[in-house]
Amino acid sequence: MATKHPHKKKVAEAPQTVAQKDVASNANLSVEELKKLIVHHLHTTIGTSAQKASKLAWWQAVVATVNEFIFDRLTKTQYSNVQRDSRAVHYLSAEFLMGRLGVNNLCNLELYDTVKEALKELGKDIHEILEEEPDMALGNGGLGRLAACFIDSLATLNYPCVGYGIHYENGLFRQEIREGRQVERPDSWREYGCPWEVCRPESEQNIPIGGYVETQQAPDGSQRKVWHPKSLIKGVPWDIPVVGYRGSSVTILRLWESRANDAFDWDVFNAGGYVDAQEEKAEAEVISKVLYPNDSTEAGKMLRLTQQYFFTACSLRDILRRYNRAHHHDYGKFALKNVIQLNDTHPVIAIPELMRLLIDEEGVAWDQAWNIVQQVFAYTNHTLLPEALEKWPVYIFEKLLPRHLEIIYEINYRFLNNEVEAMWPGNDDVKRKLSIIEEGPCRMIRMANLAVIASSRVNGVAKIHSDLVKADLFPEFSKLWPNKFCNVTNGVTPRRWLLSCNKGLASLLNETCGNDWALHLDDTIKMKQYADDASFQKRFMDVKRENKVALAEEIEKLTSVVVSPDSMFDVQVKRLHEYKRQHLNLLYILYLYRKLLANPSLKIVPQTFIFGAKAAPAYHLAKDIIYAINVIGDKINNDHRINNQIKVVFIPNYRVSLAEKIIPAADISEQISTAGYEASGTSNMKFSMNGALTLGTMDGANIEIVEKAGIENNFIFGLSVEEVQSLKANGYNPWEYYNNNPDLKAVLDWLDSDYFTPSYAGALSSIKRSLLDGGDPFLVLADFDSYVKAHEKAQELYKDQSAWARAAIINASSMGFFSSDRSIQDYVDNVWNLKTLDVVDDITM
Ligand code: 26V
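Source: prediction; values computed, not measured.

Attention shifts here to the overall build of the chain. When you go through the chain residue by residue, the secondary structure sums to 35 helices and 25 strands. For a compact globule of 845 residues, the expected C-alpha radius of gyration is about 28 Å, and the chain comes in at 28 Å, within 12% of that figure. In terms of principal-axis extent, the alpha carbons of the chain reach across some 95 × 75 × 55 Å. Buried positions account for 62% of the 845 residues belonging to the chain. Within the chain, contacts between residues at least 6 apart in sequence are counted, and of these 76% link residues at least 24 apart. Carbon and sulfur atoms make up 50% of the accessible area of the chain, which totals about 32400 Å². For the chain, the centre of its 93 positive side-chain charges and the centre of its 109 negative side-chain charges are spaced 2 Å apart.

As a further point, take the packing of aromatic side chains. What the rule picks out here adds up to 31 aromatic pairs. Note on tyrosine 91 and phenylalanine 96: the rings are 6.4 Å apart at their centroids and 65° apart in plane angle, and the pair reads as edge-to-face. The same class applies to tyrosine 91 as to phenylalanine 96, namely buried. For the ring pair phenylalanine 474 and phenylalanine 485, a centre distance of 6.3 Å and an interplane angle of 40° mean the geometry is tilted. Remark: phenylalanine 485 occurs in strand β19 (residues 485–487) and phenylalanine 474 occurs in the loop between α19 (463–473) and α20 (475–480); sequence separation between them is eleven residues. An identical accessibility class is assigned to phenylalanine 474 and phenylalanine 485; each is buried. Taken together through their ring pairs, the aromatic side chains of Tyr588, Tyr591, Phe609, Phe717, Phe784 and Tyr787 make up a single cluster. A cation sits over an aromatic face here: arginine 822 above phenylalanine 817, 3.8 Å from the ring centre.

Counted according to the given criterion, the structure contains 58 salt bridges. Between arginine 322 and aspartate 318 there is a salt bridge, with its nearest N and O atoms 2.8 Å apart. Taken together, the residues arginine 322 and aspartate 318, both in helix α11 (residues 301–327) and four residues apart, mark about one turn of the helix. According to the relative accessible area criterion, arginine 322 is partly exposed, its value standing at 27%.

Okay, the sheet that holds strand β24 (residues 693–696) next. Strand order in the open sheet formed by six strands is β22-β21-β20-β23-β24-β25, and the pairing between neighbours is parallel. Since the sheet does not close on itself, it has two edges, and those belong to β22 (646–650) and β25 (715–716), each with one partner. Judged from the two bridges that link them, β24 and β25 form a sheet pairing that is parallel. Looking at β25, one finds that leucine 695 is bridged to phenylalanine 715. Sitting on the sheet, helix α34 (residues 801–813) is in contact with β20 (568–573), β23 (668–671), β24 and β25, with an inclination near 90° to β24.

The subject of this paragraph is unusual backbone geometry. Positive phi is not limited to glycine here, since asparagine 158 has a value of about 60°. With respect to the secondary-structure elements, asparagine 158 resides in the loop between α8 (142–156) and β4 (161–166).

What follows concerns the site of the ligand. What surrounds the ligand is a group of 20 residues, the closest being His382, Asn490, Glu678, Ser680 and Gly681. Between the ligand and the protein, one listed contact pairs an oxygen atom with a side-chain N or O atom of tyrosine 579 at 3.2 Å. At a separation of 3.0 Å, an oxygen atom of the ligand approaches a polar backbone atom of serine 680. Partitioning the shell around the ligand into residue classes produces seven nonpolar, ten polar and three charged.

A sheet is described by the order of its strands in space; here three strands give the open sequence β15-β17-β16, paired in antiparallel fashion. Each edge of the open sheet carries a strand with a single partner, namely β15 (391–393) and β16 (437–438). By the bridge criterion, three bridges tie β15 to strand β17 (residues 444–446) in an arrangement that is antiparallel. Among the inter-strand pairings, lysine 391 is bridged to a residue of β17, identified as arginine 446.

We now examine α11. Relative to the 39 Å expected for 27 residues at 1.5 Å per residue, α11 spans 38 Å between its end C-alpha atoms, a close match to the ideal helical length. α11 sits mainly inside the fold: 20 of its 27 residues count as buried. A positive phi of about 50° marks histidine 328, the residue just after α11.

Examined bridge by bridge, strand β5 (residues 174–178) and strand β6 (residues 181–185) share five bridges and lie antiparallel to one another. Among the inter-strand pairings, arginine 178 is bridged to a residue of β6, identified as arginine 181. The turn linking β5 back onto β6 is made up of two residues, and glutamate 179 within it adopts a positive phi angle of 50°.

The topology assignment puts arginine 321 in helix α11. In the structure, arginine 321 is positioned 118 residues away from serine 203 in sequence and 9.2 Å away in space, judged by C-alpha atoms. For arginine 321, the contacting residues outside a window of four places in its chain are Ser203, Gln205 and Arg254. Among the polar contacts listed, one links the side chain of arginine 321 to the side chain of aspartate 318, at a separation of 2.7 Å.

What follows covers the side chain of histidine 382. Here histidine 382 lies in the loop between β14 (377–380) and β15. Judged by relative accessible area, which is 14%, histidine 382 ranks as buried.

Helix α14 (residues 366–376) packs onto helix α13 (residues 350–361) with a crossing angle of 140° between their chain directions and a minimal axis gap of 9 Å. Taken together, the axes of α13 and α14 lie oblique to each other. The two elements α13 and α14 meet at a crossing, and its hand is right-handed. Packed against α13, whose contacting residues are Ile351, Leu354, Met355, Leu358 and Ile359, the element α14 presents Trp366, Ala369, Trp370, Ile372 and Val373 at the interface. Here the residues of the contact of α13 with α14 sort into ten nonpolar, no polar and no charged.

Within the largest apolar cluster, 277 residues are counted, with the highest numbers of intra-cluster contacts made by Phe540, Leu587, Ile632 and Trp832. For phenylalanine 540, the residues in contact, after removing those within four places along its chain, are Leu505, Leu508, Met527, Gly691, Ala808, Ile809 and Ala812.

Before going further, it helps to examine the packing of helix α22 (residues 503–513) against helix α23 (residues 534–559). One way to put it is that α22 packs onto α23 with a least axis distance of 8 Å and a crossing angle of 150°. Put simply, α22 runs roughly antiparallel to α23. Two packed elements cross with a definite hand, and for α22 against α23 that hand is left-handed. Along the contact surface, α22 presents Gly504, Leu505, Leu508, Glu511 and Thr512, while α23 presents Phe536, Arg539, Phe540 and Val543. When grouped by side-chain class, the residues that make up the contact of α22 with α23 number five nonpolar, two polar and two charged.

The next thing to look at is the state of the cysteines. Put plainly, two cysteines are in a disulfide when a covalent bond ties their sulfur atoms together. Counted according to the given criterion, the structure contains zero disulfides. Not engaged in a disulfide, the cysteine cysteine 161 finds its nearest cysteine sulfur in cysteine 149; these two sulfurs lie 14 Å apart.

Our next topic: the confidence of the model for the chain. Confidence in the prediction for the chain averages 93 pLDDT; 94% of positions are at 70 or higher. Looking over the chain, one finds the lowest element-wise mean pLDDT in helix α1 (residues 6–12), namely 35, and the highest in β20, namely 99. Contacts for the low-pLDDT stretch residues 1–24, under 50 throughout, to residues beyond four places or in other chains number 39 contacts.

Thresholds, definitions, all that
Residues numbered from 1 in each chain as written. Predicted model: local features only at pLDDT ≥ 70, side-chain atom pairs only at ≥ 80, totals over all residues. Heavy atoms only, no water. Helix = DSSP H or I, 4+ residues; strand = E, 2+ residues; numbered from the N terminus. Rg over C-alpha atoms; globule rule 2.2 N^0.38 Å. Buried < 20%, exposed > 50% of the residue type's maximum accessible area, 1.4 Å probe, protein only. Contact = heavy atoms within 4.5 Å. Areas by Shrake-Rupley, 256 points an atom, 1.4 Å probe, with all protein chains shown as cover. Lys, Arg positive; Asp, Glu negative; His and termini not counted. Charge placed at Lys NZ, Arg CZ, Asp CG, Glu CD. Phe/Tyr/Trp six-rings, centres within 6.5 Å; stacked < 30°, edge-to-face > 60°. Lys NZ or Arg CZ within 6 Å of the ring centre and 35° of its normal. Salt bridge = Lys/Arg side-chain N within 4 Å of Asp/Glu carboxyl O. Pairing = 2+ DSSP bridges. Axes fitted to C-alpha atoms, helices over the stretch in contact; angles between N-to-C directions. Near = heavy atom within 4 Å. Polar contact = N/O pair within 3.5 Å; in protein donor to acceptor, adjacent residues only side chain to side chain. Nonpolar A, V, L, I, M, F, W, Y, C, P; charged D, E, K, R; others polar. Expected span 1.5 Å × (residues − 1). Parallel < 35°, antiparallel > 145°, perpendicular 65-115°, else oblique. Left-handed = near helix turned anticlockwise from the far one by under 90°. Core = buried A, V, L, I, M, F, W, Y, C linked by side-chain atoms within 4.5 Å. Disulfide = S-S within 2.5 Å. pLDDT = per-residue confidence, 0-100.

In structure tokens form, the structure reads like this:
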């Protein structure tokens with residue numbers, strides 16, 4: 001190959017260019033060389049020419065070029081891992097919200113500027129070309145994006161790891177807004193193929209499902225369980241290389257696609273049942289067809305459990321296969337070499353599956369298998385919402401996973417009769433509470449209890465959340481095993497969320513903090529010394545303004561609404577949920593609008609309220625809130641009486657690539673969940689890093705953010721966790737707030753009118769109803785007053801641009817702690833116990 005293609009030959013010499021120690025060398029790659037490589041790939045990989053190529057073709061050629069560097073490094077990383085037989089973490093997650101890989105990979109390889117220049121000389125604009133890439137939206141929100149940040153940090157820090165998930169054919173739905181309402185459309189991110197991924201048929205797995213279990217008696221009297229599955233599903237792995245920053249390791253994200261098992265197909269086919277065979281095929285393939293919106297309790301229960309089982313079973317076999325290549329079925333060192341992190345309860349079915357594989361297929365005794373399992377697994381909890389803690393009906397298990405059900409019963413029996421009985425002798429109430437099985441008309445399996453019982457460590461995702469996990473969610477478990485519970489506060493990767501998405505701020509950081517801040521985010525604290533420097537403040541605000549201009553252009557393109565970059569950009573972007581309280585934000589906007597209408601000469605700080613949010617398709621109130629934002633926005637934006645002093649925009653189809661444009665342009669970050677409900681939040685960290693001031697409650701990681709950045713540099717409002725709990729315990733009555741606050745009453749009553757929906761009075765009433773008749777479960781009315789005051793403070797400060805700049809600089813300088821590198825180091829120190837890998841550069845294979 002290399003001799004046929006002169007440019008490939010260049011890459012054959014790549015060892016120095018991607019060498020870890022010689023980090024400058026990628027940056028030294030000449031523009032000329034890159035131009036040649038890109039054009040070469042246009043010809044030989046894409047089959048077109050520079051004259052004819054579409055933007056998509058140019059993008060594909062750029063990816064093919066970059067892949068030469070990536071795959072070289074990937075091979076070396078994998079070779080080094082095998083050589084060292086290193087202990088590795090396997091991060092099991094039903095979601096990886098990767099977004100686009102283009103800019104990130106170029107920045108991590110330090111090729112961005114050279115490729116930009118090369119494309120420019122070829123007559124192309126890098127932004128336009130990279131816009132061709134569809135987002136990999138294989139996640140709902142924070143949980144999936146966290147997994148993506150963690151993989152980036154693991155690769156950057158050279159920790160041996162594999163991310164395992166599902167190769168969904170359709171990611172989270174694409175959102176369209178029609179007449180103000182959300183419409184869901186399929187998201188086919190691989191419609192034209194995904195050039196980053198590689199299929200690995202040599203690592204396929206076959207996964208049994210359904211059928212029945214037989215107990216066989218051996219001649220020596222011992223019993224053996226034999227599972228006769230109804231069918232086999234084929235798992236096909238697709239690998240996405242994840243590039244560490246500055247040419248450190250390249251790790252893989254292995255995503256499993258489901259297919260019909262060949263053998264099964266052929267049996268039916270031979271019996272003349274071609275149509276049956278096709279049906280069988282469709283049934284198997286549906287498993288990895290679509291990502292479920294996580295905050296919907298409806299729909300596809302059976303299929304969801306099948307998805308979870310399918311990807312964890314494939315992943316475990318993959319882990320065992322790799323282990324056995326070195327250890328030949330001697331499981332003595334399995335727990336030494338492997339740790340498996342369960343990202344929420346979705347992959348918890350891996351626990352009985354590993355027991356089953358070890359006992360039934362590898363002949364390990366129960367006690368040794370349980371011993372291994374208890375050392376290997378660790379579980380991260382991401383929410384306290386009771387409805388989000390997964391439970392599966394026993395009858396579904398009987399049908400799909402009969403052997404796993406037996407194993408779960410056995411784990412439960414031993415746990416209740418040994419540990420629980422020893423701690424609380426004869427106490428059936430505690431047993432009922434801690435049991436993996438919930439009794440009732442429909443018996444259920446509690447996946448969170450199974451996770452806690454089997455895991456060596458259980459962590460929450462921010463300090464306050466981890467405290468609540470112990471105190472409120474699992475109080476008895478934490479009494480039983482006080483050392484099992486710990487906290488790992490979330491973090492986000494500064495490579496994507498600063499270096500790649502905010503080039504202006506990145507260059508200010510280079511100037512003030514040196515060139516390593518993207519690796520050592522604590523270094524950004526050095527910028528704080530310029531917080532009072534008027535000329536630096538101006539430069540900082542100029543960067544912000546540039547980002548706002550770019551976002552304003554994007555907003556006009558996407559929504560046709562014209563917004564002024566001189567207005568204060570107030571942003572709330574996140575999944576739509578009552579607990580996140582987008583409707584509190586909306587009530588404030590109505591309050592402000594009403595004041596302006598009442599007093600047309602009133603001068604306020606011009607403000608642009610920016611929303612982005614997807615609602616679960618079956619979550620009607622959430623969809624009504626989206627509708628309300630759109631119709632209220634429409635009215636306000638076109639009301640000339642208020643002189644453009646406020647604008648409201650809803651940006652459709654919020655996703656990672658939009659977040660990268662929105663966050664760097666924000667002045668205010670709305671983080672307004674009811675205290676105690678947002679486990680951590682991660683956009684709060686991204687906003688602060690990019691110099692936005694948080695307007696938020698003392699919830700999740702907001703608490704730690706203002707601890708670092710100063711409460712005085714942000715706008716904190718609302719009830720605390722304790723106050724929320726006591727208000728609820730003493731009988732919260734939203735009507736009191738409604739009757740005692742005329743402004744609040746007026747805006748709520750406005751929702752019943754036809755003011756925003758001419759000729760259709762009541763189209764927005766569901767929101768008011770939930771806040772009054774519905775009991776206002778998330779205390780929107782209780783926090784309204786203090787929310788208004790926080791906004792007033794924000795406007796006051798914004799009038800003093802120098803004071804604002806100072807606070808913004810301090811925020812951006814103080815986020816070192818919230819790098820996902822720190823989170824990963826915490827996991828390594830407190831949960832995983834890993835050592836970094838030296839990637840061998842010289843491999844002779
Ligand atoms: C699931 C469900 C399912 C049933 C209906 C309501 C509901 C609401 C939320 C969820 C998602 C739970 C898991 C999750 O995404 N948690 C998020 O994890 C982030 C990363 O740790 C964290 O920053 C967010 O605060 C947390 O909500």
